[in-house]
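Read off the chains here:
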Amino acid sequence: MKLYEYQSKALLKKATLPVPASIHVSKASDVPAALKQTGIKTGVVKAQAFTGGRGKAGGVKFFRSVDEAKSIASEMIGMKLVTKQTGPEGVTVNSVLLEEASNIEREFYMALLLDRSKVNPVIMISPDGGMEIEVVAEKTPERILRLYPEIGQPLSDKLKKEGADFLGLTGENEKQFGEILQKLYGVYTEYDASLLEINPLVLAKDKGLAILDCKFDIDDNAVFRQAESGGNPNAEKTEAEIEASSYGLNYISLQGNIGCMVNGAGLAMATMDSIKYYGGEPANFLDVGGSASEEAVAKAFEIITSDAKVECILVNIFGGIMQCDTIAHGIIAGVKKSELKLPLVVRLEGTNVEIGKKIIQESGLNIISATDLDDGAKKAVSVISKNK
Amino acid sequence: MSILVNKHTKLITQGITGKAGLFHTMQCRDYGTNVVGGVNPKKAGTEVEGFPVFGSVKEAVEKTGANTSMVFVPAHFAGKAIVEAADAGIELIVAITEGIPVRDMLNVHQYLKGSNSTLIGPNCPGVTTADVAKVGIAPGFIHRKGKIGVVSRSGTLTYEAVYQTTRSGLGQTTAVGIGGDPVHGLNHIDVIRMFEEDPETEGIILIGEIGGKDEEQAAEYIKSNVTKPVTAFIAGATAPKGKRMGHAGAIISGPGGTAASKVKALENAGVYVAKTAADIGHIMCVALREQTGRCQCNNDEECR
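Reading the values: rules and limits
- Residues numbered from 1 in each chain as written.
- Chains lettered and ligands numbered in written order.
- Predicted model: local features only at pLDDT ≥ 70, side-chain atom pairs only at ≥ 80, totals over all residues.
- Heavy atoms only, no water.
- Helix = DSSP H or I, 4+ residues; strand = E, 2+ residues; numbered from the N terminus.
- Expected span 1.5 Å × (residues − 1).
- Buried < 20%, exposed > 50% of the residue type's maximum accessible area, 1.4 Å probe, protein only.
- Contact = heavy atoms within 4.5 Å.
- Polar contact = N/O pair within 3.5 Å; in protein donor to acceptor, adjacent residues only side chain to side chain.
- Domains from an automatic or database assignment.
- Buried area = accessible area lost by both parts, 1.4 Å probe.
- Salt bridge = Lys/Arg side-chain N within 4 Å of Asp/Glu carboxyl O.
- Nonpolar A, V, L, I, M, F, W, Y, C, P; charged D, E, K, R; others polar.
- Axes fitted to C-alpha atoms, helices over the stretch in contact; angles between N-to-C directions.
- Parallel < 35°, antiparallel > 145°, perpendicular 65-115°, else oblique.
- Left-handed = near helix turned anticlockwise from the far one by under 90°.
- Pairing = 2+ DSSP bridges.
- Right-handed = clockwise from strand over helix to strand, strands pointing away.

This part covers helix α12 (residues 373-386) of chain A. Residues and elements named next belong to chain A. Over its 14 residues, α12 runs 20 Å from end to end, which matches the ideal 20 Å to within 8%, given 1.5 Å per residue. Within α12 the residues assigned to the buried category are L373, D374, D375, G376, A377, A380, V381, V383 and I384. The secondary structure elements touched by the buried residues of α12 are β15 (258-262), α8 (265-277), β17 (312-319), β18 (344-350) and β19 (367-369). For α12, the N-terminal capping position is held by D372, with its side-chain oxygen 3.1 Å away from the main-chain nitrogen of D374.

Set out below in structure tokens:
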């Protein structure tokens, strides 16, 4: 689950971390009152969207007056923000953050995340703030410091000093940096963050360190205990994805034209891979799970067929726990309910496969049967090319 | 021989009274596993489907000599259940539960460093030693006793590999699902080391997916430590960056972790990488033939 910048900053502020004064607005007409309330006179309007690289895409703009802020906000709210990360389709901006300007002397980078290989959280620090960390990692890896806190222990003074030294911070700044690091680590742990990235952390003239921008992702498995974060687990999903998840289906919409229904995440990915390998494009990732009901399978069908891009459907089920006859009944119910006109390729294998195949055969529906995953992918791809 | 589970396995189920827990405990018993009971503190002293229910893992171990536990406890409490099993001296803990928070698993991982317990999973299908014992949720009937060791991050792809080797007549020694979560117990390297040491295992199938560096590290390990033929398949070549593909750990974030980087690392280590999941069994046969001169499967004319 991703948090918007304004949500993230509210959490950081609550933890007494230094963030500039700011206020979140969803309507341009609210801007004058918001600025008056906070006393902000000059600053930046920042588009709230789940993407980096906002600045270059026109998602961060300076203002010197209330009118200017209002007019920028009215342009930004509702606009499609297209950045390097969003792809050409972009993301819609629903609100903006009005933030006090900072007088920046130096910019740093910090991130807290899981190092999977070391099975330990890692704190990444770099003096090259404001840049893309992937670029720094590739071109000047020596300019990134990795600190590994001991799990279950408070952050040690040694790590704090190492971090401050790496950034060349001394005296009051060093002390403040240590406090920031400790508090951030606390926020990272307490809120089950999977990523807490501060870019940049700035040293402002006469004001010490401040967090200008941050990216805050929460572990999807921990969302149940993070209601206080203010995040919405569905914020990034499409309507179809939200509906699918309410039936226990794991659905991700993609760009191609072959709709997929598969059991198991690994097999679902492998099915997409096979489609691509034989020259097709998958329209979606859909894992019906290990114990889906007939109803869920029928629903999965409905979701796939409601995608206008889909020209053919490939069902690939390895029935272990989930029995092939259950799947067969679900497929037939789905085909009938959606009055399916599209070609349908089905590969069934595993528990009760013979019964499943018989049910499909006797249904009288026009279903193309496949012997294995490759056969299914080939048939789905060739059906589409024949129809063109 | 085989690895991890065998005829000496004495299994208990934590969360035996739940629907899935009970169903799969019965399936394990039907497969031939020696199931000695289950744990649910609220139903201690009762019996379900012939399985005695104990109040704690400690009590179950004292009364039955259990050495293996299968965890079906819901995600919120599963971390504590794993720690309880370790404290009671359980040697092998197989965590089936999906959706355990990473922070909980980090604490578990840290805790297990000081214990003698081995963890498999979570979010995994478990371990099956063909025709001997099964601990987990894999469909038993697809396995046949044979000579291939399977290690995989994905459940249904484990079944694909197992079934393909069953049909080709190669069969399996043991199939191990290590799970799809970013923080887990045994990893590819641990299991591959066991297969390399197991005299009955003649070939190894490694199934990986996008996310993390497990497969890249396994490739390095294989290069200098494994003499047996290894076949691999990596799922997720078409997965878009930054999207979590079902499994919590199946996400490409930052550089590396892509299917292409894993395939490259494995091929550089001399591993035979299947292009599609349907081809895993066949490529295992090619690997056996080229590296040992014999395969003896019944799929290919050349092998017989």
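Now that the structure has been shown, the text picks up again.
Now for the domain arrangement of chain B. Residue and element names in this part refer to chain B. Taken as a whole, chain B is organised into domain 1 (10-120) and domain 2 (138-303). The straight-line distance from the C-alpha centre of domain 1 to that of domain 2 is 27 Å. Taken together, the contact pairs nine residues of domain 1 with eleven residues of domain 2. Buried surface at the junction of domain 1 and domain 2, summed over both partners, amounts to about 810 Å²; 67% is from carbon and sulfur atoms. If you look at where domain 1 meets domain 2, you find zero salt bridges. In this assembly, domain 1 and domain 2 are joined by one residue pair in polar contact (both at pLDDT 80 or more). Sorting the residues of the side of domain 1 that touches domain 2 by element identifies α4 (102-112) and β7 (118-120) as the ones contributing at least two each. Broken down by element, the residue count for the side of domain 1 that touches domain 2 peaks at four residues, all from α4. Per-class residue counts for the side of domain 1 that touches domain 2 are seven nonpolar, two polar and no charged.

What follows concerns the pattern of salt bridges. Evaluated as defined, the whole model comprises 37 salt bridges over all chains. A salt bridge links D213(A) to R54(A); its shortest N-O distance comes to 3.0 Å. Linking D213(A) in the loop between β12 (208-211) and β13 (214-218) with R54(A) in the loop between β3 (43-47) and β4 (60-63), this pair joins segments that are 159 residues apart in sequence. Note on R54(A): relative accessible area 7%, which makes it buried. Among the salt bridges present, the one from E202(B) reaches K147(B), with a minimum N-O distance of 3.8 Å. On the criterion of sequence distance, the pair formed by E202(B) in the loop between α6 (188-197) and β12 (203-209) and K147(B) in strand β10 (residues 145-152) is long-range, its members being 55 residues apart.

Moving on: the packing of helix α9 (residues 294-305) of chain A against helix α10 (residues 324-337) of chain A. Residues and elements named next belong to chain A. Running from amino to carboxyl end, α9 crosses α10 at an angle of 40 degrees, the nearest separation of the two axes being 8 Å. It follows from the interaxial angle that α9 and α10 lie oblique. Remark: the crossing between α9 and α10 carries right-handed chirality. Along the contact surface, α9 presents E294, V297, A298, F301 and E302, while α10 presents T326, I327, H329, G330, I331, A333, G334, V335 and K337. Considering only residue class, the contact of α9 with α10 consists of seven nonpolar, four polar and three charged.

Moving on: the pairing of strand β1 (residues 10-14) of chain B. Residue and element names in this part refer to chain B. Counting buried positions along β1 yields four of five residues, so the element is predominantly enclosed. Pairing geometry for β1 and strand β2 (residues 34-39), over five bridges, is parallel. Bridge assignment links T13 to a residue of β2, and that residue is G38. A crossover links β1 with its parallel partner β2, the connecting element being helix α1 (residues 19-31), and its sense is right-handed. Two elements, β1 and strand β5 (residues 68-71), share four bridges in a ladder whose sense is parallel. By the bridge assignment for β5, I12 is matched with S69.

A few words on the interface of chain B and chain A. Where interface size is given, it is often the accessible area lost as the parts come together that is meant. Contacts between the two partners involve 57 residues from chain B, matched on the other side by 47 residues from chain A. Of the roughly 4,000 Å² buried between chain B and chain A on both sides combined, carbon and sulfur atoms contribute 62%. When the buried area of chain B at its contact with chain A is split by residue, R103(B), T238(B) and M245(B) rank highest and sum to 15% of it. Ionic pairing is found between R167(B) and E349(A), a salt bridge with its closest N-O pair at 3.5 Å. When residues of the side of chain B that touches chain A are traced back to their parent elements, those giving at least two are α1, α4, α5 (155-167) and β13 (230-235) of chain B. Class assignment of the residues belonging to the side of chain B that touches chain A gives a composition of 28 nonpolar, 18 polar and eleven charged.

Before going further, it helps to examine the sheet that holds strand β7 (residues 96-100) of chain A. All names here are of chain A. Across the sheet, four strands lie side by side as β2-β7-β3-β4; this open sheet has antiparallel pairing. Each of the sheet's edge strands pairs with one partner strand only, and the pair in question is β2 (22-25) and β4. On average, each strand axis in the sheet is tilted by 20 degrees relative to the strand beside it, whichever way the strands run. Note that β2 and β7 share four bridges and pair antiparallel. Following the sheet pairing, V25 is matched in β7 by V96. Across the face of the sheet, helix α3 (residues 66-76) comes into contact with β3, β4 and β7 while running at roughly 160 degrees to β4.

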